[in-house]
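Each chain is listed here by its residues.
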Amino acid sequence: MKPSRYEFLLGRARALATMYLNGLTRRQTTVRLSRDELWERLYFPLPEEPTDDGTVLEHLVQAVDPGLMASAGPRYFGFVTGGAQPIGIAADWMATAWDQNVGLYAQSPAMAVMEDVVAQWVRELLGLPQNASIGFTTGCHMANMVALAAPPNALFKQIGWNFEQYGWQAAARICVYVPEDVHVSIIGALRILGMGDERVMRIPCDYQGRMDVDALIARMKENIGPALIVAQAGNVNTGCVDDLERIAMHALNTKSWLHVDGAFGLWAMTSSTRSRAVRGVPLASSWATDAHKWLNVPYDCGIVAIGDSAAHRAAMSLNAAYLERSAREERNGMDWVPESSRRARVVSLYATIHALGREGVAKIVDRCCDLALEMADYFREAPGAEVLNHIVLNQILVAFEPPDGRDADEWNREIVRRVQQDGTCWVGGTVWKGRYALRISICNWQTTERDIDLSARAILRSAGLPMPAA
Ligand SMILES: *Cc1c(COP(=O)(O)O)cnc(C)c1O
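Residues numbered from 1 in each chain as written. Predicted model: local features only at pLDDT ≥ 70, side-chain atom pairs only at ≥ 80, totals over all residues. Heavy atoms only, no water.

Draft legend 1. Region of interest: the side chain of R123. Checked against the element boundaries, R123 lands in helix α5 (residues 109-126). Polar side-chain contacts of R123 include one of 2.7 Å to the backbone oxygen of A132. (Helix = DSSP H or I, 4+ residues; strand = E, 2+ residues; numbered from the N terminus. Polar contact = N/O pair within 3.5 Å; in protein donor to acceptor, adjacent residues only side chain to side chain.)

In structure tokens:
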């Protein structure tokens, strides 16, 4: 039989992808080309005539390669970034080959049921209530948005306002309380939802970024009407977790909605040693998390869970919203997220959880947390280096004392630039409590002790500090 077009093209894609992935652990974590140089490589006038597939694939890979960031590799510590595991990549390829639309059950029964299965697994893994409804989003930002769209439907019902029908027009106000050190995606989501900055009250936090619960309670006493509280499990800078137990108790007493942004921190629920850090998670009203961070599935994959599934559906569904859905009912994916047509990002999630099991997920979490402690030790022993946060999870903030006569922030910016130029590892900078610092996030399944050693040395070298003995 003659090989089909798929065999040649996918065979070549497999070879090129394998080459890239095999080289990832050795690849420098820097892009040395400028925007103009990348434009030169990628741009050509819009073609009028077709080009054969083989040529297109070779050009694509060759043109883009020097502009790729090894962010899926073991020494990329920027933002909070995971790297796809082999099984997740293979499963994602299958999802692309199947090319299913998961908007409606009728469009892909298998994918709809797979979403139900993964929803069940995620509730068990993260210790969420059995009746929580789940939606699959591009990331935690969208998961936050879906979760924050639901409360008005429930909160206004308490005061007899049909939000679904009348929306914000002449509605009473909902007071929103967020920690001062909230993730920007919460503010962005609230803005998209039309809640208005003026209605969002920022509650002071301690030096680690934990919300002051007494201040929250006092502030809530000053306002009447329904309240929405946002808390964090895993601050993007320090990794700190709010006192969820106490906040949840207050939310319960005041009939408020408590949303937890746990983009990466929620996964600590899988670890017997780290789940203490996130206790109280199950007591919230809604949760948002990422799978492309700590679970290390390929981009993109976020997850939203909402205890009041009727409110969830009322906020998202295009159909009769307040109908209850039984567990055995056919799932229409579009009832739980803003999109109608959508790719089956659940496939790599399903395969990755299958491959890892609960133990495997916990192992990644534990290893990253242990490695964060190891990395911090290098700085604790270095003169003039200061670790700014308690290492409760996988995030490290470190700042270095400047040489005489130099500005501290400017010096730490310079160190970040040097580390990024060096290419051994990649770290970003952040401003924490008014002070510029290096932010290091250990979030990759492949990172080893050797990677930590190489990277800590590269950072100390960039800061002009002496190397510890090997
Ligand atoms: C990463 C992150 C987000 C946003 O997630 P995306 O995956 O970028 O959409 C929200 N909150 C926290 C705490 C995060 O770390």
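Draft legend 2. Seen up close, the packing of helix α4 (residues 86-98) against helix α13 (residues 346-380). Two elements in contact, α4 and α13, have axes whose closest approach is 8 Å; the angle formed by their N-to-C orientations is 150 degrees. Here α13 runs roughly antiparallel to α4, going by the angle between their axes. At the point where α4 passes α13, the crossing takes the right-handed sense. Side by side, α4 and α13 meet where I87, G88, A91, D92, A95 and W98 of the first sit next to V347, S348, A351, T352 and A355 of the second. Of the residues in the contact of α4 with α13, the class split is seven nonpolar, three polar and one charged. (Axes fitted to C-alpha atoms, helices over the stretch in contact; angles between N-to-C directions. Parallel < 35°, antiparallel > 145°, perpendicular 65-115°, else oblique. Left-handed = near helix turned anticlockwise from the far one by under 90°. Contact = heavy atoms within 4.5 Å. Nonpolar A, V, L, I, M, F, W, Y, C, P; charged D, E, K, R; others polar.)

Draft legend 3. Inspection of the site of the ligand at higher detail. Close to the ligand lie 14 residues; H141, D261, D290, H292 and K293 are nearest. Within the contact set of the ligand, a nitrogen atom lies 2.8 Å away from a side-chain nitrogen or oxygen of D261. In this structure, H292 approaches the ligand through a side-chain N or O atom, which is 2.8 Å from an oxygen atom. Protein burial of the ligand: of its 380 Å² of free accessible surface, 83% is covered by the chains. Ranked by residue count, the leading element in the shell around the ligand is helix α6 (residues 140-149), at three residues. Its residues assigned to classes, the shell around the ligand comprises four nonpolar, seven polar and three charged. (Near = heavy atom within 4 Å. Areas by Shrake-Rupley, 256 points an atom, 1.4 Å probe, with all protein chains shown as cover.)

Draft legend 4. Representation of a nonpolar patch on the surface. There is a patch of nonpolar side chains on the surface, built from M249, L252 and L283 and spanning about 320 Å² of accessible area. Structurally, L283 is set in the loop between β5 (257-261) and β6 (286-290). What makes L283 partly exposed here is its relative accessible area of 48%. (Patch = residues over 30% accessible without salt bridge, like charges linked within 9 Å, V, L, I, M, F, W, Y side chains within 5 Å. Salt bridge = Lys/Arg side-chain N within 4 Å of Asp/Glu carboxyl O. Buried < 20%, exposed > 50% of the residue type's maximum accessible area, 1.4 Å probe, protein only.)

Draft legend 5. Examining the packing of α13 against helix α15 (residues 449-462) more closely. Interhelical geometry of α13 versus α15 gives an angle of 30 degrees and a closest axis separation of 10 Å. Considering the angle they form, α13 stands roughly parallel to α15. As α13 runs across α15, the sense of the crossing is right-handed. Contacts between α13 and α15 involve L371, E374, M375, Y378 and F379 from the former and E449, I452, D453, S455, A456, I459 and L460 from the latter. Residues belonging to the contact of α13 with α15 are distributed by class as follows: eight nonpolar, one polar and three charged.

Draft legend 6. Just the sheet that holds strand β8 (residues 385-387), in detail. Overall, antiparallel pairing links the four strands, which are arranged β8-β9-β11-β10 in an open sheet. Whereas interior strands pair on both sides, the edge strands pair on one side only; in this sheet they are β8 and β10 (428-432). If you compare each strand with its neighbour and ignore which way they point, the axes differ by 40 degrees on average. Two strands pair when backbone bridges link them, and strand β9 (residues 395-400) and strand β11 (residues 435-441) are joined in this way by four bridges, in the antiparallel orientation. Considered in β11, the bridge of V398 is made with L438. Sitting on the sheet, α13 is in contact with β8, β9 and β11, with an inclination near 10 degrees to β9. Contacts from helix α14 (residues 408-422) reach β9, β10 and β11, with the element oriented near 30 degrees to β11. (Pairing = 2+ DSSP bridges.)

Draft legend 7. The arrangement of α15 in detail. Counted at 1.5 Å a residue, the expected span for α15 with its 14 residues is 20 Å, and the 20 Å between its end C-alpha atoms agrees. Along α15, the residues that are buried comprise D451, I452, S455, A456, R457, A458, I459, L460 and S462. Of the surrounding elements, those touching the buried residues of α15 are α13, β9, α14 and β11. Positive phi appears at G464, one or two residues downstream of α15, with a value of about 70 degrees. (Expected span 1.5 Å × (residues − 1).)

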